[in-house]
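Secondary and tertiary structure notes
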Amino acid sequence: MEVVLPKDLTTIGSFAFSGCTKLTSIVIPDSVKSINAGAFSGCDSLTSATLGLGVEVISDSMFYSCDKLATVTLKNTAVQVGDFAFCDCVSLKQFDFANIKGDIGDSAFACTGFESVTLPNTVTKLVYGFVASNNLSEIDIPDSLLHIDTNSFSSTKWYYDQV
């Protein structure tokens, strides 16, 4: 089931669609400026999400534990990613990291399905970023990254190739 949101919608509240197990696709209109924490967490059937131009922050736990989420499309080129935003999205393989502006939230991409990641030069800090993303084998780390916290890449293919 795809949900069509009103074109003049401006805010999606915390946990608004959380646990909607039949939701398969969501397109956030350009008018939406604010999406609060956990808005789509636990949507087990969600496979794709498109975030409109108005979305500047992917909030904490916004897509937490969306097991089938494979593709996230960002229309905005200046997006911040909150803590646990995509944590446990084990199928997530497509995301435009170049659109991230600023640091990536704690465990934002932990337990995801990425095989390769190129972090943008806007990221200076990474805390538990990709921990337990088992398929991750290639990482392009920018010179801008000043702080990599404990376990940011542990339990990844890349990590095991380094030890």
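Keep in mind it's a predicted model, so treat the numbers as computed, not measured.

To continue, consider the overall build of the protein chain. Of regular secondary structure, the protein chain possesses 1 helix and 13 strands. When the helices and strands of the protein chain are placed in sequence order, the string is β-β-β-β-β-β-β-β-β-β-β-β-β-α. Its C-alpha atoms put the protein chain at 50 × 30 × 20 Å along the principal axes. Within the protein chain, the proportion of its 163 residues that are buried is 45%. Sequence separation of 24 or more characterises 19% of the internal contacts of the protein chain that already satisfy a separation of 6 or more. In the form shown here, the protein chain has an accessible surface area of approximately 7500 Å², with 50% of it arising from carbon and sulfur atoms.

Together, Tyr-159, Tyr-160 and Val-163 give the surface a local cluster of nonpolar side chains, amounting to about 340 Å² of exposed area. Structurally, the position occupied by Tyr-159 is in helix 1 (residues 157-162).

On to the pairing of strand 5 (residues 48-51). Working note: regular strand, side chains alternate between the two faces of the sheet. Taken together, the 3 bridges between strand 3 (residues 25-27) and strand 5 define a ladder with parallel strand orientation. The residue of strand 5 that forms the bridge with Ser-25 is Ser-48.

Here the focus is the packing of aromatic side chains. On inspection of all chains with the given rule, the structure shows 15 aromatic pairs. Taking the centre distance of 5.3 Å and the plane angle of 65 degrees together, the rings of Phe-153 and Trp-158 count as edge-to-face. Phe-153 sits in the buried class, given a relative accessible area of 7%.

This part is about the sheet that holds strand 7 (residues 71-74). With respect to topology, 4 strands assemble into an open sheet ordered 1-3-5-7, the strand pairing being parallel. Strands at the two margins of the open sheet, each flanked by one partner only, are strand 1 (2-4) and strand 7. The sheet shows a mean angle of 10 degrees between the axes of neighbouring strands, taken without regard to direction.

Glancing now at the state of the cysteines. If you walk through the whole model with that rule in mind, you get 0 disulfides. Not part of a disulfide, Cys-66 finds its nearest cysteine sulfur in Cys-43, a span of 5.0 Å. A relative accessible area of 0% places Cys-66 in the buried class. Cysteine Cys-111 is unpaired, with the sulfur of Cys-87 as its nearest cysteine sulfur at 5.3 Å. For Cys-111, a relative accessible area of 21% corresponds to the partly exposed category.

About the cut-offs
Residues numbered from 1 in each chain as written. Predicted model: local features only at pLDDT ≥ 70, side-chain atom pairs only at ≥ 80, totals over all residues. Heavy atoms only, no water. Helix = DSSP H or I, 4+ residues; strand = E, 2+ residues; numbered from the N terminus. Buried < 20%, exposed > 50% of the residue type's maximum accessible area, 1.4 Å probe, protein only. Contact = heavy atoms within 4.5 Å. Areas by Shrake-Rupley, 256 points an atom, 1.4 Å probe, with all protein chains shown as cover. Patch = residues over 30% accessible without salt bridge, like charges linked within 9 Å, V, L, I, M, F, W, Y side chains within 5 Å. Salt bridge = Lys/Arg side-chain N within 4 Å of Asp/Glu carboxyl O. Pairing = 2+ DSSP bridges. Phe/Tyr/Trp six-rings, centres within 6.5 Å; stacked < 30°, edge-to-face > 60°. Axes fitted to C-alpha atoms, helices over the stretch in contact; angles between N-to-C directions. Disulfide = S-S within 2.5 Å.

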